[in-house]
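Chains, contacts and geometry: an overview
Residues per chain are reported as follows:
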Amino acid sequence: MQHEGFKMGRIFGITIRVAWSWLVIFALVTFNLVFAFGNMHPDWSTLLRWTVAVVTALLFFASVLVHELAHSLVAKAQGIPIHNITLFIFGGVAHIQEEPKSPGAEFVMALLGPVTSIVLGSALLFFTLLVSGGLRLMQQPEAVLAQFGPLTTTTAWLGSINIILGIFNLIPGFPLDGGRMLRSILWAITGNLRRATWWASFAGRAIAWLMIMSGIAMAFGAQIPIFGQGLADGLWLAFIGWFLHNAAVSSYQRVLIEDVLEGVTVGQMMQAQPPTVPPDVTIADLVNDYLMRYDTNAFPVVEDDILQGIICLHDVRSVAETERQRLTVRDVMTPRAQIDVIEEDSEASQALQKLAHREVRQLPVVDSDRLIGLLRRQDMMRWLQLKSDVTMDNL
Ligand SMILES: [Zn+2]
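Residues numbered from 1 in each chain as written. Predicted model: local features only at pLDDT ≥ 70, side-chain atom pairs only at ≥ 80, totals over all residues.

**Quick notes on the overall build of the protein**
The test is simple: Only DSSP runs of H or I with at least four residues qualify as helices, and only runs of E with at least two residues qualify as strands; both kinds are numbered from the N terminus onward. Counting other C-beta atoms within 10 Å of a residue's C-beta gives its exposure: the residue is buried at 20 or more, exposed at 12 or fewer, and partly exposed in between, where C-beta atoms are placed from the backbone. This entry defines residue contacts through backbone-placed C-beta atoms, with two residues in contact when those atoms are within 7 Å.
Assigned secondary structure in the protein consists of 15 helices and 10 strands. Taking all 395 residues of the protein together, the buried fraction comes to 32%. Once local pairs closer than 6 in sequence are excluded, the contacts in the protein between residues at least 24 apart make up 62%.

**A look at unusual backbone geometry**
Omega for the peptide link from Phe174 to Pro175 comes to 10°, which places this bond in the cis form. Its place among the elements puts Pro175 in the loop between helix H6 (150-169) and helix H7 (177-190). You will see that Asp305, though not glycine, has its phi angle at about 70°, which is positive. Locating Asp305 in the fold gives a position in the loop between strand E6 (298-303) and strand E7 (306-312). Even without being glycine, Ser368 reaches a positive phi, approximately 55°. Looking at the secondary structure, you find Ser368 in the loop between strand E9 (362-367) and strand E10 (370-376). On the basis of neighbour counts, which here come to 8 C-beta atoms within 10 Å, the residue Ser368 falls in the exposed class.

**Some remarks on the nonpolar core**
We apply this condition: For this entry, the nonpolar core is defined as buried Ala, Val, Leu, Ile, Met, Phe, Trp, Tyr and Cys residues connected by C-beta atoms within 7 Å.
One finds Phe174, Leu182, Ala200, Met211, Leu244 and Ala248 to be the most contacted residues of the largest nonpolar core, which totals 47 residues. By residue number, the principal contributor to this core is helix H2 (residues 46-77), which donates 9 residues. The contact partners of Ala248, leaving out residues within four places of it in the chain, are Gly173, Phe174, Pro175, Ser201, Gly204, Arg205 and Ala208. Membership of the second largest hydrophobic core comes to 15 residues, among which are Val266, Leu352, Leu355 and Met380.

**Considering H7**
What counts is decided by this rule: Here a helix's expected span is defined as the number of its residues, less one, multiplied by 1.5 Å.
With 14 residues, H7 should reach 20 Å at 1.5 Å per residue; the first-to-last C-alpha distance of 20 Å fits that figure. Extensive coverage of H7 is indicated by the burial of 10 of its 14 residues. Looking at the packing, one finds that the buried side of H7 touches helix H3 (103-132), H6 and helix H8 (193-219).

**Focus on H8**
Along an α-helix, residues three or four positions apart point the same way, because every turn accommodates 3.6 residues. Given a rise of 1.5 Å per residue, 27 residues ought to cover 39 Å, and the 38 Å separating the end C-alpha atoms of H8 matches this to within 8%. Within H8, the full set of buried residues consists of Ala196, Thr197, Trp198, Ala200, Ser201, Ala203, Gly204, Ile207, Ala208, Met211, Gly215 and Met218. Where H8 terminates, the next one or two residues include Gly221, which has phi positive at roughly 105°.

**Some remarks on the pairing of E7**
To keep it simple, the criterion reads: Here the rule is simple: two strands pair whenever DSSP picks up at least two bridges between them.
Extensive coverage of E7 is indicated by the burial of 5 of its 7 residues. Summarising the sheet, E6 and E7 pair through 6 bridges and their orientation is antiparallel. Following the sheet pairing, Ala298 is matched in E7 by Cys312. Between E6 and E7, which pair antiparallel and follow one another directly, the connecting turn spans 2 residues, one of which, Asp304, has a positive phi of 50°. In the sheet, E7 pairs with strand E8 (residues 334-335) via 2 bridges, with the strands oriented antiparallel. Paired with Ile310 across the strands is Thr334, a residue of E8.

**Here we look at the environment of Ile339**
Along the polypeptide, Ile339 turns up in the loop between E8 and helix H14 (348-358). Note on Ile339: 18 C-beta atoms within 10 Å, which makes it partly exposed. Residues contacting Ile339, with those up to four places away along its chain left out, are Gly309, Ile310, Thr334 and Pro364.

**Digging into the packing of H2 against H6**
For the record, the criterion: Interaxial angle, 0 to 180 degrees, is taken between N-to-C directions of lines fitted to C-alpha atoms, where a helix line uses only the stretch in contact. We call a crossing left-handed when the near helix sits turned anticlockwise from the far one by less than a right angle, and right-handed when that turn is clockwise. Charged residues are taken to be Asp, Glu, Lys and Arg, nonpolar residues to be Ala, Val, Leu, Ile, Met, Phe, Trp, Tyr, Cys and Pro, and polar residues to be all remaining types, Gly included.
Axis separation between H2 and H6 bottoms out at 10 Å; the angle between their running directions is 35°. Every pair of crossing elements has a handedness; the one defined by H2 and H6 is right-handed. Taken together, the residues of H6 that come into contact with H2 (itself represented by Leu48, Val52, Val55, Thr56, Leu59, Phe60, Ser63 and His67) are Pro150, Thr153, Thr154, Trp157, Leu158, Ile161, Asn162 and Leu165. A class-by-class count of the residues in the contact of H2 with H6 yields 10 nonpolar, 6 polar and no charged.

**Looking at the environment of Arg180**
Mapping Arg180 onto the fold places it in helix H7. Owing to 26 C-beta atoms within 10 Å, Arg180 belongs among the buried residues under this scheme. Put simply, Arg180 and Met109 are 71 residues apart on the chain and 9.0 Å apart in space, counted from C-alpha to C-alpha. Leave out the neighbours within four places in its chain, and Arg180 touches Glu106, Ala110, Phe174 and Pro175.

**Let's talk about the confidence of the model for the protein**
Stated formally: Here pLDDT means the predictor's own confidence in every residue, given as a number from 0 to 100.
Confidence along the protein averages 83 in pLDDT terms, with 88% of residues attaining 70 or more. Contacts from residues 390-395, a stretch scored under 50 in pLDDT, to residues over four places away or in other chains number 3 contacts.

Given below as structure tokens:
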């Protein structure tokens, strides 16, 4: 996850990153605002419309950041380290490294984000009403809105969007804030964080499906309370639902995997004394004597117990049939300098991160440069499946 987006700065010792997808949202919001401001204020020049739209979109971005900082500062106050925040579509994610310490702590941490957004939004709307003469707005909204200057136009829009952001995040589906609050309540009742996460994520998936179905119904002309009707709004709702569904599934899996892997070392999962190949074997012999004989696609290349590299089926395929008698494993292998390795007593979760990060299927396990095992992705997945199925049955 470290490579998603770019670094923007640091606040309170927390690194702020912006996901690339956020730039798309930023552009969409800006275009949308240029269009909306044009409808509201036909008298505004193009330059004024664009300027106010860009400033408003940037302030929206700042509002999302304030929301995430509210979560992070509560976490910090509770002694949970937060190293970075990534802003992405529909909001942000504060990367909370550890699980919350207690249901109460998680409840407060989750609640403070939406509360901050709603308070901020209300203050902006109150300011707008104060400046523009609130009562008249109630009587002739369109006439008053047309008289709004750039400042009140911005505060009116930001106020509304912050309240919407706050309310959206209160939806009780994990991993939204409301879902975290639901999880903390279930956690307090059952005393089981994993079971609470499962139910909160189930609620997230159920709500996501409801949004997808409603969105599709809207696109086909149905009238849905609050959300209205129409193709564009329907597709938006369905898209947000799809996004929430993915988030619910992946965040539950992450919690589950971290939980299952806690305290497990690489040594417990690795294949000890895996089949290896010496570097001077020809590719033809590698195919006949190793690839055809063992149920594995990758072989560590070892000479005098020392790891020299790794060779896999994929490397062999790239060698022409006519060259296979001439070339040796050493000519074709990925050399030691280019492969990532891991140690026997490392945490299994660290190995999983390496596998995912380097997009490789296996990691040689070494003691200094001596090969002692091989940790394959497939073994790890099977281990996870077995362990999590056992615990699923226990739910
Ligand atoms: Zn939040």
